[in-house]
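Here's the letter readout for the chains.
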Amino acid sequence: MDLEEDIRSLQLDSAAEDINGVVNPEDEKPDVDNFDKIEDEDPKQEVQAQSVEAEPKAKDKEIPPVQDEEDEHMKKRHLNVVFIGHVDAGKSTTGGQILFLSGQVDDRTIQKYEKEAKDKSRESWYMAYIMDTNEEERVKGKTVEVGRAHFETDTTRFTILDAPGHKSYVPNMISGASQADIGVLVISARKGEFETGYERGGQTREHVQLAKTLGVTKLLVVVNKMDDPTVNWSKERYDEIESKMVPFLKQSGYNVKKDVSFLPISGLMGLNIKTRLDKSHCSWWDGPCLFESLDSIEVPMGDPQSPFRMPIIDKFKDMGTVVMGKVESGTIKDGDSLLIMPNKDHVKVVAIYIDEKRVNIAGPGENLRVRLSGIEEEDLLSGFVLSSAANPISTVTEFVAQLQILELLDNAIFTAGYKAVLHVHSVVEECEIVELLEQIDPKTRKPIKKKVLFVKNGAIVLCRVQVNNVICVEKFSDFPQLGRFTLRTEGKTVAVGKITAI
Ligand code: GTP
Ligand code: MG
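Throughout what follows, the structure given in this document is the object of discussion.

Cut-offs used in this document
Residues numbered from 1 in each chain as written. Chains lettered and ligands numbered in written order. Predicted model: local features only at pLDDT ≥ 70, side-chain atom pairs only at ≥ 80, totals over all residues. Heavy atoms only, no water. Donors = N, O, S within 2.8 Å, 3.2 Å for Na, K, Ca; no water. Helix = DSSP H or I, 4+ residues; strand = E, 2+ residues; numbered from the N terminus. Buried < 20%, exposed > 50% of the residue type's maximum accessible area, 1.4 Å probe, protein only. Near = heavy atom within 4 Å. Polar contact = N/O pair within 3.5 Å; in protein donor to acceptor, adjacent residues only side chain to side chain. Areas by Shrake-Rupley, 256 points an atom, 1.4 Å probe, with all protein chains shown as cover. Axes fitted to C-alpha atoms, helices over the stretch in contact; angles between N-to-C directions. Parallel < 35°, antiparallel > 145°, perpendicular 65-115°, else oblique. Left-handed = near helix turned anticlockwise from the far one by under 90°. Contact = heavy atoms within 4.5 Å. Nonpolar A, V, L, I, M, F, W, Y, C, P; charged D, E, K, R; others polar. Core = buried A, V, L, I, M, F, W, Y, C linked by side-chain atoms within 4.5 Å. Patch = residues over 30% accessible without salt bridge, like charges linked within 9 Å, V, L, I, M, F, W, Y side chains within 5 Å. Salt bridge = Lys/Arg side-chain N within 4 Å of Asp/Glu carboxyl O. Expected span 1.5 Å × (residues − 1). Arc of directions from axis to C-beta.

### A look at the coordination of the magnesium ion (ligand 2)
Those donors, Ser92 (OG) and Thr143 (OG1), are the protein atoms that reach the magnesium ion (ligand 2), and they lie 2.0 Å from it. Placement of Ser92 in helix 3 (residues 91-101) and of Thr143 in the loop between helix 5 (135-140) and strand 2 (147-152) is noted, with a sequence separation of 51 residues between them. This pair shows no difference in class: Ser92 is buried, exactly as Thr143 is.

### A short note on the site of ligand 1
Lining the immediate surroundings of ligand 1 are 22 residues, of which Lys91, Thr93, Ser124, Thr143 and Asp227 lie closest. At a separation of 2.9 Å, an oxygen atom of ligand 1 approaches a polar backbone atom of Asp88. Take Gly165: an N or O atom from its main chain is 2.8 Å from an oxygen atom of ligand 1. Coverage of ligand 1 by the protein amounts to 95% of the 650 Å² it exposes when considered alone.

### Description of the packing of helix 8 (residues 203-213) against helix 9 (residues 235-251)
The contact between helix 8 and helix 9 brings their axes to 10 Å, and the two run at 40°. Taken together, helix 8 and helix 9 sit at an angle that is classed as oblique. Relative to helix 9, helix 8 is oriented so that their crossing is right-handed. For the pair helix 8 and helix 9, contact is made by Thr204, Arg205, Val208 and Gln209 and by Met245, Phe248 and Leu249, respectively. Partitioned by chemical class, the residues of the contact of helix 8 with helix 9 number 4 nonpolar, 2 polar and 1 charged.

### Re the nonpolar core
Formed by 75 residues in total, the largest nonpolar core has its most connected members in Met245, Leu249 and Leu294. With 6 residues, the single largest contributor to this core is helix 9. Apart from residues lying up to four places away in sequence, Met245 is in contact with Leu185, Ile187, Phe194, Tyr198, Thr204 and Phe262. Among the nonpolar cores identified, the runner-up in size contains 29 residues, and Ala420, Ile433, Ala459 and Val461 belong to it.

### Observations concerning a nonpolar patch on the surface
On the surface, a nonpolar cluster with roughly 310 Å² of combined accessible area is contributed by Ile413, Leu453 and Phe454. Along the chain, Phe454 turns up in strand 21 (residues 454-455). Note on Phe454: relative accessible area 44%, which makes it partly exposed.

### A closer look at helix 4 (residues 107-119)
Between its first and last C-alpha, helix 4 extends 18 Å over 13 residues, near the 18 Å set by a 1.5 Å rise per residue. Considered for burial, the residues of helix 4 that qualify are Ile110, Tyr113, Glu116 and Ala117. Buried residues of helix 4, seen end-on, are gathered within an arc of 125° and therefore sit on one face of the element. The exposed set on the far side of helix 4, more than 90 degrees from its buried face, consists of Arg108, Gln111, Lys112, Lys115, Lys118 and Asp119. Those residues of helix 4 that are buried lie in contact with helix 3 and helix 5. A positive backbone phi angle near 55° is found at Ser121, which sits one or two residues after helix 4.

### Description of the pattern of salt bridges
One pass over the structure, following the stated rule, counts 27 salt bridges. Between Glu292 and Arg276 there is a salt bridge; the shortest N-O distance is 2.8 Å. Here the residue Glu292 occupies a position in helix 11 (residues 290-296), and Arg276 occupies one in the loop between strand 6 (260-264) and helix 11, the gap between them amounting to 16 residues. When salt bridges that share partners are traced, they join Glu116, Lys120, Glu135 and Arg138 into one network.

### Describing the environment of Phe248
As for its position among the elements, Phe248 is in helix 9. Taking the C-alpha atoms as reference points, Phe248 and Tyr198, separated by 50 residues in sequence, lie 9.7 Å from one another. Once you skip the residues sitting within four places of it in the chain, Phe248 turns out to touch Tyr198, Thr204, Arg205, Val208 and Gln209.

Below is the structure:
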């Protein structure tokens, strides 16, 4: 009840969304299964743009770059992990707990948050306050912006992207997931909560499908709130959730054996996170803890030798122009001459920062702040791409894409003239379908011969898509993360697609 009230009090969005929220049963959604396989094979699994935050501290400015060409950070791999799942599943709490257990947050700060949470009558949210840093988020107990934080294990440097679960903030979730290499799907085991998250209006389903589409190839499903009195570390409940999730994950295109693992945790209590579960809490689990599972996930990273691409997600002025983004391909070095696309502005790299640290060189998957000379902050927009000058990213106002229609609003038909909002890496742009070229049989994956004028939910169709402004994209087969996209309208994801020709 409290939850519903909270959501209402957020006063978000259109009536259309509410209608969607109440929709009924299950499984009408088409299989996103095999969509990726329909043609290209995902040659190199790369990654993507990013969200916002942290300005460089004044002191950073004076720190000279590390002299060593093989910067320290190059020795450990870096992974972006997006936390996804239904509202209140415990994403921020688990993220906060990870930071606490990895020594990034001290007891005093936790005590301060405990007091603040109590004052806001949100006692149990104190761990989430580590990730939910703005006032609105703390008052409502809901993440809005994608929270960002870093922690390290023995083998890996992780960036946590804590996505919001509320359906009104799906665009933010998309931005988080599109920057991620792997996903942690947080599911609440608490009585009733798993069910609400899993049903049609729930975000568990939409997040999984979006994550898959956006290139999150590996998922760790954490069954959270195992400590809750309604669960009490019940193996039965855990098994029930796993058995319901597996078919759905398969249907969404995940190879469950290879790409998905499950584990029980308590984010709030910090159990099975940094160290394995003690038998006194749970006698039946003898699998790994969350840190171990994260450590052991293998993901192919982008190619450091390929042309440089970094979509810009944010920018600000600080002794020059600073852009933020994630390296999708190639390598950037201090002093490089690059282009900002689509405007072809020539820029020079003055400094590169990973977190707060200045570095000489950075490769695929890194989240960076890059100080540039040769461009004013006003001349940049998010969605622009910092590119290799010799081999810059393509610019288009029209492209051909293979689209899978998920669920159109109110049984709308999908035809030439259909308008939606295109989300591709850090670009958000109005688009129009100008022509349906051919329909593809989802089963045989072969084109269906007859001329197609419209398609319905579940269809796979090749079409021409037009945007009003020039955007930077690539063919999916060349740079998967720069060529996959979602189409949304009135706050709902209606289709997912990949660019096949530009
Ligand atoms: P959104 O950001 O709104 O999508 O939610 P979230 O998934 O980040 O959930 P959050 O971490 O804000 O937690 C929501 C509520 O669940 C809070 O009251 C938490 O204390 C509670 N919670 C989270 N993890 C656990 C857990 O392991 N056990 C119990 N008992 N409660 C938990
Ligand atoms: Mg949250």
